[in-house]
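These are the residues of each chain, in order.
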Amino acid sequence: SMNRIRIKSAAVAAAAAVALAGCANMTPQEKNRMTGQIVGGATGAALGSLFGGGSGRVIATGVGAVLGTVVGGEIGSRQ
């Protein structure tokens, strides 16, 4: 299961790197929103993965990631 965690961490890091590379032409508010989305999505996925087992855990992780991305983006855009 540690391999899965490592793969997920690498995927999140890669997505963050790609997202941040696209930030060059963004306004500060857009950058804050994107940062909020990245942090929120990762946090939501981590929290979601704590619930359930098997396919229920996968669903909870996905729902947590989506909700975290939305909430994080809203919080980030208000900074």
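Residues numbered from 1 in each chain as written. Predicted model: local features only at pLDDT ≥ 70, side-chain atom pairs only at ≥ 80, totals over all residues. Heavy atoms only, no water.

Taking 1.5 Å per residue, 23 residues should reach 33 Å; helix α3 (residues 55-77) reaches 33 Å between its end C-alpha atoms and fits that length. All buried positions along α3 are accounted for by Thr 61, Gly 64, Gly 68, Gly 72, Gly 73, Gly 76 and Ser 77. (Helix = DSSP H or I, 4+ residues; strand = E, 2+ residues; numbered from the N terminus. Expected span 1.5 Å × (residues − 1). Buried < 20%, exposed > 50% of the residue type's maximum accessible area, 1.4 Å probe, protein only.)

Applying the stated criterion across every chain yields a total of 2 salt bridges. Between Glu 74 and Arg 33 there is a salt bridge; the shortest N-O distance is 3.2 Å. Residue Glu 74 is located in helix α3, and its partner Arg 33 is located in helix α2 (residues 28-48); the two are separated by 41 residues in the primary sequence. What makes Arg 33 partly exposed here is its relative accessible area of 31%. A salt bridge links Arg 78 to Glu 74; its shortest N-O distance comes to 3.9 Å. (Salt bridge = Lys/Arg side-chain N within 4 Å of Asp/Glu carboxyl O.)

Okay, a nonpolar patch on the surface next. There is a patch of nonpolar side chains on the surface, built from Val 66, Val 70, Val 71 and Ile 75 and spanning about 350 Å² of accessible area. Structurally, the position occupied by Val 71 is in helix α3. Judged by relative accessible area, Val 71 falls into the partly exposed class, the value being 46%. (Patch = residues over 30% accessible without salt bridge, like charges linked within 9 Å, V, L, I, M, F, W, Y side chains within 5 Å. Areas by Shrake-Rupley, 256 points an atom, 1.4 Å probe, with all protein chains shown as cover.)

Bear in mind that shape data such as this cannot, by itself, settle questions of function.
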